[in-house]
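Analysis of the macromolecular model
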Amino acid sequence: MDARRVGGRIAAARRTLTGAGAGALPLPVRITNGLAMVSLVLSSCDLLRLCSDPGRPLRFPLGGREFATVVCQLASVVYLLSLFAVPFAQSASGRREEGQDGSRRSPAAVAPAPMPDCPDDGDEEIVAAVVSGELPSHRLESRLRDCRRAARLRREALRRITGRGLEGLPFEGIDYEAILGQCCEMPVGYVQLPVGVAGPLLLDGRDYHVPMATTEGCLVASVNRGCRAIAASGGAFSVLLRDAMSRAPAVKLPSAKRAAELKMFVEAPANFEALAAVFNKSSRFGRLQGIQCALAGRNLYMRFTCSTGDAMGMNMVSKGVENVLGYLRNNFPDMEVISISDKKATAVNWIEGRGKSVVCEATIKGRVVQSVLKTTVEKLVELNIIKNLAGSAVAGALGGFNAHASNIVTALFIATGQDPAQNVESSQCITMLEAVNEGKDLHISVTMPSIEVGTIGGGTSLTSQAACLNLLGVKGPNHGSPGANARLLATIVAGSVLAGELSLLAALAAGQLVKSHMKYNRSSKDVANAAS
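The present account deals with the structure reproduced in this document. No experiment lies behind these values; they were computed from the predicted model shown. (Residues numbered from 1 in each chain as written. Predicted model: local features only at pLDDT ≥ 70, side-chain atom pairs only at ≥ 80, totals over all residues. Heavy atoms only, no water.)

Looking at the overall build of the chain
Across its full length, the chain holds 21 helices and 11 strands. Here the chain, with 532 residues, has 42% of them falling under the buried criterion. Of the contacts formed within the chain by residues at least 6 apart in sequence, a portion of 71% connects residues at least 24 apart. When the accessible surface of the chain is split by element, carbon and sulfur atoms take 57% of a total near 26,900 Å². (Helix = DSSP H or I, 4+ residues; strand = E, 2+ residues; numbered from the N terminus. Buried < 20%, exposed > 50% of the residue type's maximum accessible area, 1.4 Å probe, protein only. Contact = heavy atoms within 4.5 Å. Areas by Shrake-Rupley, 256 points an atom, 1.4 Å probe, with all protein chains shown as cover.)

Digging into the pairing of strand β2 (residues 206-213)
Bridge count between strand β1 (residues 195-203) and β2: seven bridges; the pairing is antiparallel. Bridge pairing in β2 links G196 to M212. A loop of two residues connects β1 with β2, the two strands running antiparallel in sequence, and D204 in this loop sits at a positive phi of about 55°. (Pairing = 2+ DSSP bridges.)

Looking at the pattern of salt bridges
Counted according to the given criterion, the structure contains 14 salt bridges. D123 is the salt-bridge partner of R152, the closest N and O atoms lying 3.2 Å from each other. Of the two residues, R152 is situated in helix α7 (residues 147-162) and D123 in helix α5 (residues 121-132); the sequence distance between them amounts to 29 residues. On the accessibility criterion, R152 (6% relative accessible area) is buried. Notably, a salt bridge pairs E425 with R354, separated by 2.9 Å at the nearest N-O pair. Remark: R354 occurs in the loop between α13 (347-352) and β8 (355-364) and E425 occurs in helix α17 (residues 423-426); sequence separation between them is 71 residues. There is no split in this pair, since E425 and R354 are both buried. A cluster of three or more residues bridged by salt bridges with shared partners is formed by E124, E156, R159 and R160. (Salt bridge = Lys/Arg side-chain N within 4 Å of Asp/Glu carboxyl O.)

Details of the layout of surface pockets
If you add up the space inside the largest pocket, you get close to 1,300 Å³. Lining of the largest pocket is provided by 44 residues; of these, C183, G417, G458, G459 and L462 occupy positions nearest its centre. When residues of the lining of the largest pocket are traced back to their parent elements, those giving at least two are α8 (176-179), α12 (314-328), α16 (405-415) and α18 (463-472). Looking at the lining of the largest pocket, the element that brings in the most residues is α18, giving four residues. In the lining of the largest pocket, the residues fall into 23 nonpolar, 17 polar and four charged. (1 Å grid on protein atoms, 1.4 Å probe; cavity = no way out; pocket = protein on both sides within 12 Å on 5 of 7 lines; lining within 4 Å. Points joined across faces, edges and corners; volume = space filled by probe spheres on them. Nonpolar A, V, L, I, M, F, W, Y, C, P; charged D, E, K, R; others polar.)

Describing the state of the cysteines
Applying the stated criterion across every chain, the model contains zero disulfides. Of all cysteine sulfurs, the one in C183 lies closest to C184, which takes part in no disulfide; the gap is 8.0 Å. (Disulfide = S-S within 2.5 Å.)

Quick look at the structure:
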């Protein structure tokens with residue numbers, strides 16, 4: 001058996017022996033220890049007196065008094081020795097621990113790594129309980145009522161269980177209370193990501209400095225160059241086409257006829273007001289906009305769309321959907337709810353949109369194309385047709401008619417506390433380029449039907465992410481016009497994608513992509529190896 005688990009179980013036995021376990025002993029540990037010491041002293045004195053009394057020599061079998069004295073003596077010795085035996089066993093198990101390859105580890109290799117705070121006796125017992133499996137790791141927060149301490153002890157327990165340190169994973173510098181019930185379960189630290197700033201992005205007459213969290217070299221520099229070209233040409237302009245988050249539950253009925261009846265009931269205009277009233281009770285900001293249904297045999301797929309204020313709103317919509325499904329059971333008690341759909345790239349979201357649907361455009365002057373982007377209008381237009389349009393069609397892309405929209409979307413999402421998994425739909429984009437003004441200038445646009453963002457909820461409340469939102473001027477809810485901050489953030493995402501598309505296509509057209517990455521994203525040693 002693993003020596004760490006043996007040590008953990010010995011520690012658990014010690015807690016039971018000393019009264020740490022619930023209901024283990026009826027007296028506090030200090031009283032039981034005191035009684036054992038008193039019993040040891042009194043029995044020792046009585047034995048010495050009996051042995052020194054010539055009138056009452058010890059004989060076997062022992063008498064009643066002599067027998068009771070010996071029993072008390074032995075019981076006291078065994079009890080007190082047990083208090084010292086457990087730490088000795090734990091240290092011995094640590095010394096005997098061996099590596100996976102069978103070789104003995106040195107004491108330094110198995111010694112506990114320093115924890116962020118020095119553990120006290122109570123911490124040690126809790127860590128041992130997690131290691132032994134007596135206390136599940138996910139219960140630490142509720143048990144300790146201290147999120148930071150729970151993360152610290154979970155981190156130490158993980159180190160002991162795996163035998164691998166977490167010294168490179170930062171612990172200090174994050175609010176573990178803010179994480180609880182909102183961002184992450186069973187935290188042990190956080191991951192550092194560099195945040196760069198591109199811009200200013202001149203969008204709709206305002207400058208924005210765009211924070212981007214990424215580990216890909218050249219990405220921020222590329223977007224920054226696109227921002228420079230846009231600003232030098234008078235800026236970009238955006239239009240919000242739609243604002244509607246959606247959920248699509250799947251339900252099953254006994255027959256296709258019954259499923260069709262439910263479809264007609266849900267889509268009937270006369271019933272919408274009642275369904276909307278039930279849905280809208282779930283939130284102050286969630287407002288049902290419509291329900292569309294698709295039938296497959298006796299399975300019915302209902303697509304709910306609603307406004308969600310400044311929240312991204314997926315959970316808000318889910319709550320409203322559950323309320324409506326409960327209401328529908330009054331008329332359709334034979335309806336069985338199968339699931340509520342989640343994140344995936346789908347044609348319906350590409351066509352109908354999900355979240356914020358935005359189009360953003362700019363006209364780049366010919367002289368800027370040559371001086372900043374180092375290429376020509378003609379080359380850019382041809383490249384976009386062959387690569388982004390025809391090339392994506394040949395590849396069977398679904399909403400992927402762009403150069404690298406997902407790069408910019410993901411970097412912005414991580415920096416501003418969005419759900420990174422929403423990138424799967426939010427980066428759906430079609431990039432269009434054409435020559436204008438008699439071929440002298442370049443018109444570029446990005447159409448993004450499913451930008452799923454919010455400025456409240458989720459990771460937006462974390463300190464670093466809130467700072468990035470504040471940099472953009474969209475932190476928190478907009479009390480004067482609910483939803484305005486989230487809509488503005490969506491247009492900034494689209495404007496940033498526009499800048500990124502413009503710059504990458506220019507690098508491809510000029511044949512500079514590989515050269516730029518080798519210069520800014522590789523060491524000189526790597527370049528030498530690549531050249532050879």
